[in-house]
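Overview (structure and organization)
The chain contents come next:
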Amino acid sequence: MADPSPNACFSLAGRVALVTGSSTGLGRATARCLGMAGAKVAINYANSQPRAEEALSDLRASGIRAGVFQADVTSADEIERMFSAIEDSLGPVDIVVVNATPPQPLKPIEEYDWAFYQQMLDFFVKSPYLLARRALPGMKARKHGRFINITSEVFHLGVAPFSAYVAAKGGQTGWSRSMCHELAPFGITVNMIAPGWIPVERHENDPQEDKDAYLATVPMQRWGKPEEVGWAAVYLASDQAAFVTGQTIAINGGKTCW
Ligand SMILES: NC(=O)c1ccc[n+]([C@@H]2O[C@H](COP(=O)([O-])OP(=O)(O)OC[C@H]3O[C@@H](n4cnc5c(N)ncnc54)[C@H](OP(=O)(O)O)[C@@H]3O)[C@@H](O)[C@H]2O)c1
């Protein structure tokens, strides 16, 4: 066995990480964990600049080199503009965490329209595709890259009434599995993190009975913490995970096993 190196604790020093939708929630926590591991971090948001600036201040207060990059990650033009700005400011992107999401209302199928289905597919299938197309030439040239797709336990569980979101997360999972095979020869890994329900800012006003009912199904009998998603991302982004691709890490206290 090789001697432990200074890199033995999943250091991301010298890497640049983009986390889409990292002004709040799981993305913000993931950005912080990647930064704590030494990466330079690109915080992305589309709509609320004050929240993104607050996230940036928080990271900088911890000594993390970071910047805020506004872009709608379902738009190819905006992704191009964002990547150019990140490259100018932080350097080439080594790690892409596909995380951004719009609101996700649960509804019986008769109440969804196709526009909402399309929006889910735009976030969870089109956006990973566009991000990969933009990031890949540089990653292939450097023979290194990390894609970490934030999926969800709902695909495994078939949660209802949630058909549009579950279908799109299924699409994201299938895309990740295919990309893992396509990109493995280039030293580029594609993995997934599938959180259970981890309450974030947007869940503050959700009904208490819904929260109680979910918690009763979690074998560990506690809520997950956003940073528990972030630390899994640090591992998958690290050099030590170079031989791990096409895998899903469920962060849900044992609610799914596969
Ligand atoms: N939290 C959970 O319980 C849970 C469970 C399973 C899976 N997940 C998955 O984890 C990911 C994060 O979820 P979350 O709960 O942390 O969400 P969240 O707190 O609502 O954060 C969503 C983020 O996406 C950004 N965003 C929205 N539209 C965007 C766009 N067009 N382009 C770029 N950024 C955009 C938001 O910023 P602006 O509003 O400023 O644009 C915000 O930063 C999602 O993929 C979700 O499906 C979450």
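Considering the site of the ligand
Looking at the ligand, there are 33 residues lining it, with Ser23, Leu26, Ser48, Tyr165 and Arg202 nearest. A distance of 3.5 Å separates an oxygen atom of the ligand from a polar backbone atom of Thr101. Ile198 has a polar backbone atom sitting 2.8 Å from an oxygen atom of the ligand. Protein contacts shield 93% of the accessible area of the ligand, which totals 900 Å² for the unbound molecule. Split by residue class, the shell around the ligand holds 14 nonpolar, 15 polar and 4 charged.

What about the nonpolar core?
Core analysis: the biggest nonpolar cluster contains 40 residues, and Leu18, Met82, Phe83, Ile86, Val96, Leu131 and Phe147 have the highest contact counts within it. Sorting the residues of this core by element identifies β1 (16–19), α3 (76–89), β4 (95–98), α4 (114–142), α6 (163–183) and β6 (188–195) as the ones contributing at least two each. In terms of residue count, the dominant contributor to this core is α4 (11 residues). Sequence-distant contacts of Leu131, defined by excluding residues within four places in its chain, comprise Leu18, Thr20, Ile79, Met82, Phe83, Val96 and Val98.

Section: the sheet that holds β1
Strand pairing in a sheet is mediated by backbone hydrogen bonds. Such pairs are either parallel or antiparallel. Across the sheet, which stays open at both edges, the 7 strands sit in the order β3-β2-β1-β4-β5-β6-β7 with parallel pairing between neighbours. Unpaired on one side and paired on the other, β3 (66–70) and β7 (248–251) mark the two borders of the sheet. Mean inter-strand twist for the sheet, computed between neighbouring axes without regard to direction, equals 20 degrees. Alignment of strand β5 (residues 145–150) against β6, held across 6 bridges, turns out to be parallel.

Thoughts on the packing of helix α1 (residues 25–36) against helix α8 (residues 226–237)
Orientation of α1 relative to α8, taken along the N-to-C sense of each, is 50 degrees, at an axis distance of 8 Å. Between α1 and α8, the angle is such that the two are oblique. Two packed elements cross with a definite hand, and for α1 against α8 that hand is right-handed. Contacts between α1 and α8 pair Gly25, Leu26, Ala29, Thr30, Cys33, Leu34 and Met36 from the former with Pro226, Glu227, Val229, Gly230, Trp231, Ala233, Val234 and Ala237 from the latter. Taken together, the residues of the contact of α1 with α8 sort by class into 11 nonpolar, 3 polar and 1 charged.

Side note on the pairing of strand β2 (residues 40–45)
Counting buried positions along β2 gives 5 out of 6 residues, so the element sits mostly inside the fold. Bridging between β1 and β2 involves 4 bridges; their strand directions are parallel. Bridge pairing links Leu18 to Ala42 in β2. In this fold, β1 hands off to α1, which returns the chain to β2; that crossover is right-handed. Here 5 bridges tie β2 to β3, and the two strands are oriented parallel to one another.

Description of the packing of α4 against α6
Each pair of packed helices can be described by the angle between their axes along with the distance between the axes. At their nearest, the axes of α4 and α6 sit 7 Å apart, and the two run at 20 degrees to each other. Here α6 runs roughly parallel to α4, going by the angle between their axes. The element α4 and its partner α6 pack so that their crossing is right-handed. Listed contacts from α6 to Phe116, Tyr117, Met120, Leu121, Phe124, Val125, Pro128, Tyr129, Ala132, Leu136 and Lys140 of α4 are Ser163, Ala164, Tyr165, Ala168, Lys169, Gly171, Gln172, Trp175, Met179 and Leu183. Residues belonging to the contact of α4 with α6 are distributed by class as follows: 16 nonpolar, 3 polar and 2 charged.

Criteria and cut-off values
Sequence order as written defines the numbering, with residues in each chain counted from 1. Owing to the predicted nature of the model, reporting of local features is limited to residues with pLDDT of at least 70; listing and counting of side-chain atom pairs is limited to 80 or more, with chain, interface and lining totals taken over all residues. Each side-chain value is derived from all of the structure's non-hydrogen atoms; neither hydrogens nor water enter the calculation. A cutoff of 4 Å decides nearness: a residue is near a molecule or strand if any of its heavy atoms lies inside that distance of it. Here a polar contact is recorded for every N or O atom pair within 3.5 Å, except that within protein the pair must consist of a potential hydrogen donor and a potential acceptor, and residues adjacent in sequence are included only if both atoms are side-chain atoms. Note on areas: Shrake-Rupley, 1.4 Å probe, and residue coverage restricted to the protein chains presented here. Three classes are used, and their members are as follows: Ala, Val, Leu, Ile, Met, Phe, Trp, Tyr, Cys and Pro are nonpolar, Asp, Glu, Lys and Arg are charged, and the others, Gly among them, are polar. Buried Ala, Val, Leu, Ile, Met, Phe, Trp, Tyr and Cys residues that are joined via side-chain atoms within 4.5 Å together make up what is termed a nonpolar core. Burial classes follow relative accessibility: with a 1.4 Å probe on protein chains only, a residue under 20% of its type's maximum area counts as buried, one over 50% as exposed, and anything between as partly exposed. A run of H or I in DSSP becomes a helix once it reaches four residues, and a run of E becomes a strand once it reaches two; helices and strands are each numbered from the N terminus. Contacts: residue pairs with any heavy atoms within 4.5 Å of one another. The pairing criterion for strands is at least two bridges between them, as found by DSSP. Geometry is summarised by axes, namely lines fitted to C-alpha atoms with helices restricted to the contacting stretch, and by angles between N-to-C directions that run from 0 to 180 degrees. Here the angle decides the label: under 35 degrees means roughly parallel, over 145 means roughly antiparallel, 65 to 115 means roughly perpendicular, and every other value means oblique. Should the near helix be turned anticlockwise from the far one by less than a right angle, the crossing is left-handed, and should it be turned clockwise, the crossing is right-handed. Crossover handedness is defined by viewing with both strands directed away from the observer: a clockwise path from the first strand over the helix to the second marks the crossover as right-handed.

Geometry only, nothing functional implied.
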